[in-house]
Amino acid sequence: MQYQSTRDSRLRVSASEAIVRGLAPQSGLFVPETFPQAYLNAWKHLSYPELAQKVLAGYLTDYRAEFLKQATESTYGAAFGGNAGRTVCVRDGVYALELWHGPTCAFKDYALQLMPKLLVEAKHNLGRKETTRILVATSGDTGKAALAGYAGLDGIEISVFYPNAGTSEIQRLQMVTQRGENVQVYAVEGNFDDAQTGVKRVFADASVAEELEKRDIRLSSANSINWGRLVPQIVYYFYAYFRLAEQSVIDWGAPVDFCVPTGNFGDILAGYYAKQMGLPVGKLICASNKNNVLTDFIRTGTYDARRTFYKTTSPSMDILISSNLERLLYHVSGSSEKVAGWMQELAQTGRYTVDPDTLARIQETFSAGFAGDEESAAEIRARFELDHYLCDTHTAVAFRVAETCRSGAPMVVLSTASPFKFPRDVLSALGITAPASDFDAMAVLTEATGQKAPKSLQELNSLPVRFTEVIAPDEIRAAALR
Ligand SMILES: *Cc1c(COP(=O)(O)O)cnc(C)c1O
C-alpha cells in the first residue's frame, strides 16, 4: 500500500515515510491510494488489540506483523482497563461508544498511545537514526495525550506549549505533572492561537532546522493531520459494530449510523474509512457546536471560515479550519488538482465551494447538525435524568444532534471524553452550583451521580508539579532549540 498526497496524486510514499514526514509537500496530506478490504466474518469475534492489528496491517503494509501485534497489545490491553471500544446502550436504539477509558480520559488516547510506537518503528523501517523532537501546541487535551504517548520513548523528545490560563485546571495539571526524562512543558503568555502561531513559525523557520540538524535532531509534529493519528481510529467503528451484532441489536450486515462530535474532522473521517473498507455504516453524522462551519458545508457545499469564533463548553470542537476534511475531498472528488484549488481559495479568501458532484457524494454518507451550549447542557441533564447516563459536554452535542438525524437504524454516539474532565460544566448542566475548583467539582459530581472520577484525574491533586516556566510567544523558538 502506497500513500499519495491530497495536493499531488503523482507522489507515492510508503506508510513509514508518510508517518515520519507527517505532511506532504505544499501542505498536502497523505492518504492511502486504496481502501483495504475488511473481513467482517473473520474479524467479528476478535479482541480489541487483535482487531486493531488486522485493521492496521491493511494500511501499514511495510510494518512487521510481529511489531503490530506487540504494539496493539501493549497499547489497547491493560492501559485501557479492558475497556477499549466499550459500547453501552443509553436508551432504545441509541448507544454510546465510550472512548475515554484510556490513560488521559479522552478519545485522543486511541491515536496518541499508539502513534509514538508507529513513529519509532517507521524510523527503524527507514533506517533513520536521528533524534525526533516533537513540538505540540495544545488547547488542552492533545498536549496531555501526546505527553503520555511519547514519554520514555527512545530517540524521541517532546515539548508541549499550552496557553497560560487558557486550559482547565485539570488539563494544566495533567500536563505539568507528566513524568519522563524526554518531556518538556511550557506555558505560553496569550491564548491558544498565540501558542499555535509560535509553534508553526518554528516549523517554518529554516534556521531552526539547520541548527538542530547539526545536533542530529529533526522536528516533527503530533498533530492530527499525521496519518499515524488517523489510522488507529478506524478500529473502534468495527469493534462497536461487532458488539451490536453480538447483542443481536442488528442483523448481520444491516447498517448502523454513527454520530460524531467533530472538530478537526479526524474522528469522523475514520468512520468513512471503515465504511469504504466494507463496514455497513449507514450515515455518518457530523455534530458541531456553535462553531458550525462543517454543518453549513455538508448542507450546502460552501465552506466559509469567515465567521465569528466562539469559545464554547466543548473546547476541543472550537475549530474553524477542519484540516482532515481535505482527505475526504480528495477521496470523493478523486482529483488532487481540485483539492489544491479549493485549499488555495480557502487560504486566500477564507472560503470555497465544491462542485455539485462532490457535494452529492459527500451527502450520500454524511449528514450534519449543531447544538449550542444551552442545548448541550439540556442534553446532559436529560440523558442523566431520563436514562441515568452521564456524559461530557462534547458527547452531549452529539447526543443532541443524533436525535434530529435518526434514520431508523441503531445510532452509535461516539463519547469522546470522561464527564469528569469537565466537571464544572457538567455540574452546572445538572442544575448544581459548581465549586470554583475542578477537584471540588469532581467530588460534588461523584456525590450527585454516584459515579467515580477516573483515578488518573483524582490523583493529579497530589502529584508533584514538574514544569512551571511561563514564556512569551517569541521565546518558543529558543525553547524549541534547547
Ligand atoms: C479532539 C476532540 C474532539 C474532536 O475530534 P476531531 O477528530 O478533531 O474531530 C471531540 N471531543 C473531544 C473530547 C476531543 O478531545
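This section reports on the structure supplied with the text. (Residues numbered from 1 in each chain as written. Predicted model: local features only at pLDDT ≥ 70, side-chain atom pairs only at ≥ 80, totals over all residues. Heavy atoms only, no water.)

**Brief notes about unusual backbone geometry**
Glycine aside, residues mostly have negative phi angles, and peptide bonds mostly take the trans form. The phi dihedral of S248 falls on the positive side, at around 55 degrees, and the residue is not glycine. Summarising the element assignment, S248 is placed in the loop between α12 (235-246) and β10 (256-261). Residues other than glycine seldom take positive phi values, yet H388 does so here, at roughly 55 degrees. Residue position: H388 is located in the loop between α18 (373-387) and α19 (393-403). (Helix = DSSP H or I, 4+ residues; strand = E, 2+ residues; numbered from the N terminus.)

**Let's talk about the nonpolar core**
The biggest cluster of nonpolar side chains holds 150 residues, and the ones touching the most others in it are L60 and F238. Per-element tally for this core: the top contributor is α12, with ten residues. Setting aside chain neighbours within four positions, we find F238 in contact with A38, L40, W43, L51, V55, A274, M277 and L279. (Core = buried A, V, L, I, M, F, W, Y, C linked by side-chain atoms within 4.5 Å. Buried < 20%, exposed > 50% of the residue type's maximum accessible area, 1.4 Å probe, protein only. Contact = heavy atoms within 4.5 Å.)

**Digging into the site of the ligand**
Around the ligand there are 15 residues in total, and K108, G263, N264, D267 and T416 lie nearest to it. Contacts to the ligand include N264, whose backbone N or O atom sits 2.7 Å from an oxygen atom. Within the side chain of S316, an N or O atom sits 3.4 Å from an oxygen atom of the ligand. The protein chains hide 96% of the 390 Å² of surface that the ligand would expose on its own. Looking at side-chain class alone, the shell around the ligand contains five nonpolar, seven polar and three charged residues. (Near = heavy atom within 4 Å. Polar contact = N/O pair within 3.5 Å; in protein donor to acceptor, adjacent residues only side chain to side chain. Areas by Shrake-Rupley, 256 points an atom, 1.4 Å probe, with all protein chains shown as cover. Nonpolar A, V, L, I, M, F, W, Y, C, P; charged D, E, K, R; others polar.)

These values are about where atoms sit, not about what they do.
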